[in-house]
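Overview (structure and organization)
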Amino acid sequence: MSKNYENFYYKKAKEKSSFFVGHRKTILEFIKKHSTKGDSLLEVGCGTGEISKVLPSSVRYYGIDTSSFAVEKAKKEAEKQIANFYLFNLKQGSLNFNDKYFDFVLSVYSLEHFKNPGFMLDEMVRVLKPGGYLIILAPNLEMPLSSINAARHKNIFFKIWLAAERISDYLFRIAGKHRFRTIKDNFTEETGKYEKLDDDLNYIVSSYEVANYLKKFHKMKEVFVKKFDGGNGIKDKIKKIITFMPSMKYYGGVLFIITQKTNYD
């Protein structure tokens, strides 16, 4: 990714990253309510670290990202001395922190960019203290035949194959299996462009897959889950009906989940 492109990308991301509105506001309010003096927070995929500027001063902030451009920009823009930024080597995979280190682990629109999402969920839980909170916000693309912008440059044969695999993934989720479907060489990686939402997506996120995986394999307790609460229009009613299908109870909105670590081993 070129420096000029990254400058454009993170400028656009910053425009949508206010922690005073929407889901981000809910995240900030939750952290303020549940944090105590000396707590530490790790943001995985921190970008330019916008939340570090609005966190309570009592919370120690750590941000990691694959982009050295974003991390250096975050360092320059940091308004508080509580922020410590670390580069994250995605090829290496593991988070460079000890077990049970953080009181909060935060992932805001970063999970979809991981090429190994299941492993990264494991890592985020690993570095979380017992009783700590894992907060994830990401797009929800679990409807098997929904369009994927990140694959729009692919040929028709790939798209047919991907649709068949996503239907298969859905059936596996019903059976309690987690495949974490990813796209190799997404639109941005192939073209160097970012024109539509999620052009740079790797993981085709399923809210049900993520939530069920955390509960089944890590005994995480759901504290908050955003479910569909749409209006009375025809489309809203259809979405509501879909939520009664197997493994689709989180359908109709983004993945927004807060879980608490209950494993004290």
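Above this text sits the structure in question.
Residues numbered from 1 in each chain as written. Predicted model: local features only at pLDDT ≥ 70, side-chain atom pairs only at ≥ 80, totals over all residues. Heavy atoms only, no water.

Of all eleven residues that make up strand 5 (residues 128-138), eight are buried, and the element is covered over most of its length. Relative to strand 5, strand 4 (residues 102-108) runs parallel, the two being bridged by six bridges. Paired with Ser-107 across the two strands is Ile-136, which belongs to strand 5. The parallel pair strand 4 and strand 5, bridged by helix 4 (residues 117-126), forms a crossover whose chirality is right-handed. Sheet analysis places strand 5 next to strand 7 (residues 255-260), joined by six bridges and oriented antiparallel. Paired with Leu-137 across the bridge in strand 7 is Phe-256. (Buried < 20%, exposed > 50% of the residue type's maximum accessible area, 1.4 Å probe, protein only. Helix = DSSP H or I, 4+ residues; strand = E, 2+ residues; numbered from the N terminus. Pairing = 2+ DSSP bridges. Right-handed = clockwise from strand over helix to strand, strands pointing away.)

Together, Leu-145, Ile-167, Leu-171 and Ile-174 make up an exposed nonpolar region whose accessible area comes to about 390 Å². Of note, Ile-167 is situated in helix 5 (residues 156-174). Residue classification places Ile-167 among the partly exposed residues on the basis of a relative accessible area of 39%. (Patch = residues over 30% accessible without salt bridge, like charges linked within 9 Å, V, L, I, M, F, W, Y side chains within 5 Å. Areas by Shrake-Rupley, 256 points an atom, 1.4 Å probe, with all protein chains shown as cover. Salt bridge = Lys/Arg side-chain N within 4 Å of Asp/Glu carboxyl O.)

What follows deals with the side chain of Glu-43. Along the chain, Glu-43 falls in strand 1 (residues 40-44). Nearest to the buried, unbridged Glu-43 among oppositely charged side chains is Arg-24, at 7.2 Å. Within the structure, Glu-43 has its side chain in polar contact with the side chain of Tyr-61 (distance 2.4 Å). Beyond its immediate sequence surroundings of up to four residues, Glu-43 is in contact with Gly-49, Ile-51, Tyr-61, Tyr-62, Gly-63, Ile-64, Leu-106 and Val-108. (Lys, Arg positive; Asp, Glu negative; His and termini not counted. Polar contact = N/O pair within 3.5 Å; in protein donor to acceptor, adjacent residues only side chain to side chain. Contact = heavy atoms within 4.5 Å.)

Relative to the assigned elements, Thr-243 resides in the loop between helix 8 (234-242) and strand 7. Residue classification places Thr-243 among the buried residues on the basis of a relative accessible area of 13%. A polar contact of 2.4 Å, which involves the side chain of Thr-243, links it to the backbone oxygen of Lys-240. With sequence-adjacent residues up to four places away left out, Thr-243 is seen in contact with Phe-228, Met-248, Lys-249 and Tyr-251.

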